Amino acid sequence: MATKYVYSFGDGKAEGNTKMKNLLGGKGANLAEMSSIGVPVPAGFTITTEVCTYYYQNKDTYPQSLEADVAKAIKRIERAMGRTFGNTADPLLLSVRSGARESMPGMMDTVLNLGLNDQTVQGLAATGNERFAWDSYRRFVQMYGDVVLDMKPREKTDINPFEEILEEVKKKRKIELDIDLTVDDLKLLVKKFKAAIKKHRGIIFPEDPHEQLWGAIGAVFGSWNNQRAIHYRRMNKIPDEWGTAVNVQSMVFGNMGDDSATGVAFTRNPANGDNEFYGEWLLNAQGEDVVAGTRTPQPIVTLKKEMPVAYRQLMDIRAKLEKHYKDMQDVEFTIQQGKLWMLQTRTGKRTGFADCIIAVDMVRERLITQKTAICRVNPNSLNQLLAPIFDDKAKNVAIKNGALLTKGLPAGPGAATGRIAFHADDAADMAKDGEPVILVRIETSPEDIKGMEAAKGILTARGGMTSHAALVARQMGRVCVAGCGALEIDYKKGSMKVGGQAFKEGDFISLDGTVGEVLAGQIAVSPSKVKVALFGKGAAKTAARRDRVFQAYELLMKWADKFRTMEVWTNADQPDQAAEAIVYGAQGIGLCRTEHMFFGGDRIVAVREMILADDTAGREKALKKLLPIQRRDFIGIFKAMGARPVTIRLLDPPLHEFLPHTKKEVEEVAKVMGVSPKKVVAKTESLSETNPMLGHRGCRLGVSYPEIYRMQVRAIAEAAVQVKTKNGVKVKPEIMIPLVGTWKELQLLRREAEEVIAEVMAKKKAKVKILIGTMIELPRAALTAGEIAQVADFFSFGTNDLTQTTFGLSRDDAGKFLPEYVDKGILPEDPFIAVDKTGVGRLMSIGATEGRAANPKLQVGICGEHGGEPSSVKFCHEIGLNYVSCSPPRVPIARLAAAQAALES
Ligand code: PEP
Ligand code: MG
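Residues numbered from 1 in each chain as written. Chains lettered and ligands numbered in written order. Predicted model: local features only at pLDDT ≥ 70, side-chain atom pairs only at ≥ 80, totals over all residues. Heavy atoms only, no water.

Engineer: Please explain the overall build of the protein chain as it appears in this structure.
Structural biologist: For the protein chain, the count of helices and strands is 37 helices and 34 strands. By the compact-globule yardstick of 29 Å for 905 residues, the protein chain fits well, its C-alpha radius of gyration being 32 Å. Considered along the principal axes of its C-alpha atoms, the protein chain spans approximately 105 × 70 × 55 Å. A buried classification covers 56% of the 905 residues belonging to the protein chain. Within the protein chain, counting contacts between residues at least 6 apart in sequence, those at least 24 apart form 69% of the total. Per element, the accessible surface of the protein chain, about 37,900 Å² overall, is 51% carbon and sulfur. (Helix = DSSP H or I, 4+ residues; strand = E, 2+ residues; numbered from the N terminus. Rg over C-alpha atoms; globule rule 2.2 N^0.38 Å. Buried < 20%, exposed > 50% of the residue type's maximum accessible area, 1.4 Å probe, protein only. Contact = heavy atoms within 4.5 Å. Areas by Shrake-Rupley, 256 points an atom, 1.4 Å probe, with all protein chains shown as cover.)

Laid out in structure tokens, this is it:
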């Protein structure tokens, strides 16, 4: 059977459904679904994503059968809508839109009012009003020129010929608003626009509706590979191979007069999660007017008064859609001469706050189960809950001093403070220089995506809660205040006036995206409510614990813990970090980097003395000074962790990291050691290495200088005994040897460690079980895991080093060129952020499997940075690790990700 490339919908029927997103794209699949559940949808059809793939694989051509299939599908639309495409008396007009598997708001192209020409415009004028018909026609000619004939300016300095003509005509007629253009003005515009097409593209505007249609279909497929779509895909990890579908649909008009309107709405509040219908509408307008943010729309509640019948219908559809999809929906609608049409529904993008609150509320409303709620919440949403907000006091003081400049729409919650940039490129450059940036625009467009990504906050003069700026900011978790009409922005001068004050590029401003305030200057930020609830004191803590965001957080964590099978540990080197991690739910310490303990105050001099010593005796002398300090450190950590396991890694980094650099430092250590500064410098030079990350570090130090590891093991054992006997804590220390490449290294170091432990236990007449294991950080270690496991109680994947050594990439320098690798699609993402499942992951899998085969009791975890990254956590679950270990604030994210992994496997 021939492949089916075209799927029709409308009139209460559909060939597709919501499950067919891969083939029909999100929009197409949901239009089909809405149509079959009886929601009024203008008839249309979807050309599948397979055609997009074909188009790119076959030099921008289509499968042979497509033309006939499209012709048949158009006939179906004509029957459903009672109008004919190209008919001069009562023409059917079409919209042509993109629709990828995952929504890519505004990134690809759209053509509206297709089918208009010098004849059909007369027919349209005869059915409605003449001005509307000619306005639709001039919009279409411009859109066709911009999109299909590629006349849209690329650079911010380029001029759009159509906009130029429009401004000229308005100036001549001494009018400011498009709405004041007369039929004659519009006719003139159409003529001039066509002339501009001839001038710039050397072709005549196509009058044939079928030619127009195929032009538009090609343009939409072509827009899958425009620069901003490519950038958006990289950012959101959408594969290039997916392609877009094309949706061709009967036009309905929201700009046919005062009984027509258009709007965008969310079935719940996408900013704070409230269970309220939340949206905006514009009287006598096209859908694009709302999304583009060129007119500031009205809140949806006002529709109730203006168009009560349509409003009631819309509320019914809201309930129907939520019940059907069991999730918050983002819908577009149009009311044409009193009749309501739904143009789109999709899962609504939301803030991290709304993500958690809606999931928890829907469980309470019995719309979804706890399991669904857990699987639905994006683990990274928790980042927002734990993100800083303005320090209340600092903000109040600033407001008292007149910092409040104006208010806009609270489009993306949170607090941001930074320097003003008026252009997306400048914002990206400033952020690269390490500056916090607030991107300030009259309105944003998809071209601004890079700057929006780089900015801490986004401020716009125009646009509503569903404008481009608001939508994209929320999705990216950026603070955003939109629709601030009081801003007077002058791009040319790089300045802005607001609230009686003038600002230029580089000046500091602050945004409160939760309430929509714009403030002058830099304002200190403070921790989130959830953090106050978890870590605060007194009344503030009590109040924060009652906050529903915190309550949603707690419930989600509770459910996550119920479903996950993998433990979540933390990487901590200080008692306060350990305590914080416990509050976040950590079940152990997976990595305590002892070298971090070496930097503090007086210790560094003793550490330097140890490193620079010429012989064992000299080192022993310095180590004696370090022993009580380390013991104290471990006592603190053991007390904080109680009966939870604490994995302490022996010294790892190359020694020269601790060497003195300045003259003062050299003199200081020379004095303590009783040698000349010259000798210290000479010794320092002798310790330097060309490639220290692959040099004398990790267990190699333990092999060369056994006294260092012996001191550390002694400090651990003595601390453990003390906390157990004096504090009655059932301590669970684990000693971890880094950078092992062969089992003999571990065997040797283990034997030495066991000797020290036995000595301490005998002397103190105590018994504490101390596990001894290793990190797996080298490919050789993973490949010989079966041997190593015979002398190890546990493995912990050090995926930072394992990634470095597997790829042969320097973890300190690769950041310079890795983004290019991701941009060019060579790597799906930075392997230092998410585990490279096929390469590094394979080594992990071999290591875990062969290690366990040799030693069934082997405990296996991960302590590289990947341990807090959701996709890596999922992978760790799949290969059967016992735990993941990550930095304290990522513990909640890992708990949720681990639960998802358990539920989805
Ligand atoms: C690792 O290599 O993954 C690790 C946790 O150790 P470090 O980052 O300290 O080298
Ligand atoms: Mg390491």
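Having seen the model, we can carry on.
Engineer: Help me out: how do you make sense of the coordination of the magnesium ion (ligand 2) in this one?
Structural biologist: The reference angle at a metal is 109.5 degrees if four donors form a tetrahedron and 90 or 180 degrees if six donors form an octahedron. Bound to the magnesium ion (ligand 2) on the protein side are Glu-777 (OE) and Asp-801 (OD), at distances that span 1.9 to 2.0 Å. Taken together, the residues Glu-777 in the loop between strand S31 (771-776) and helix H31 (779-783) and Asp-801 in helix H33 (residues 799-807) connect sequence positions 24 residues apart. Both residues of the pair, Glu-777 and Asp-801, belong to the buried class. (Donors = N, O, S within 2.8 Å, 3.2 Å for Na, K, Ca; no water.)

Engineer: Please clarify how the pattern of salt bridges should be interpreted in this entry.
Structural biologist: Where charged atoms of side chains with opposite charge meet at close range, the side chains can pair. Taken as a whole and assessed by the stated rule, the structure comprises 55 salt bridges. Salt-bridge contacts for Asp-614 lead to Lys-679; the nearest nitrogen and oxygen are separated by 2.5 Å. With a gap of 65 residues between them, Asp-614 in the loop between helix H24 (603-612) and helix H25 (616-641) and Lys-679 in helix H27 (residues 677-687) connect regions that are remote in the sequence. Asp-614 sits in the exposed class, given a relative accessible area of 51%. You can call Lys-679 partly exposed: its relative accessible area is 40%. (Salt bridge = Lys/Arg side-chain N within 4 Å of Asp/Glu carboxyl O.)

Engineer: I keep staring at the pairing of strand S28 (residues 589-593) and nothing clicks. Help me out?
Structural biologist: In summary, the side chains of a regular strand alternate between the two faces of the sheet. Among the five residues in S28, five count as buried, and that is most of the element. The pairing of strand S27 (residues 567-571) with S28 spans two bridges and is classified as parallel. Paired with Thr-570 across the two strands is Ile-589, which belongs to S28. Bridge count between S28 and strand S29 (residues 645-649): three bridges; the pairing is parallel. Bridge pairing in S29 links Cys-592 to Ile-648. (Pairing = 2+ DSSP bridges.)

Engineer: Whenever I open this one, the sheet that holds strand S13 (residues 339-347) confuses me. Can you help?
Structural biologist: Through backbone hydrogen bonds, the strands of a sheet pair up, either in parallel or in antiparallel fashion. Pairing is antiparallel in the open sheet, where five strands are placed in the order S11-S10-S9-S12-S13. Looking at which strands have only one partner, the edges of the open sheet turn out to be strand S11 (298-299) and S13. The sheet contact formed by strand S12 (residues 329-336) and S13 spans eight bridges and is antiparallel. Opposite Gln-336, over in S13, you have Lys-339 as the bridge partner. The sheet strands contacting helix H12 (residues 308-325) are S12 and S13, and the helix crosses S13 at an angle near 30°. (Axes fitted to C-alpha atoms, helices over the stretch in contact; angles between N-to-C directions.)

Engineer: Would you mind going over unusual backbone geometry with me for this structure?
Structural biologist: As a rule of thumb, non-glycine residues mostly have phi less than zero, and peptide bonds are mostly trans rather than cis. With a phi close to 50°, Lys-59 is a non-glycine residue in the positive phi region. The residue Lys-59 is located in the loop between helix H2 (49-57) and helix H3 (66-81) in this model.

Engineer: Would you mind going over the packing of helix H4 (residues 120-127) against helix H5 (residues 130-148) with me for this structure?
Structural biologist: The angle between the axes and the distance between the axes are what describe a pair of packed helices. Between H4 and H5, whose axes approach to 7 Å, the crossing angle comes to 145°. The element H4 and its partner H5 pack so that their crossing is right-handed. Touching Val-121, Gln-122, Leu-124 and Ala-125 of H4 are Glu-130, Phe-132, Ala-133, Trp-134, Ser-136 and Tyr-137, all from H5. Residue classes in the contact of H4 with H5 are distributed as seven nonpolar, two polar and one charged. (Left-handed = near helix turned anticlockwise from the far one by under 90°. Nonpolar A, V, L, I, M, F, W, Y, C, P; charged D, E, K, R; others polar.)

Read these as geometric descriptors, not functional statements.
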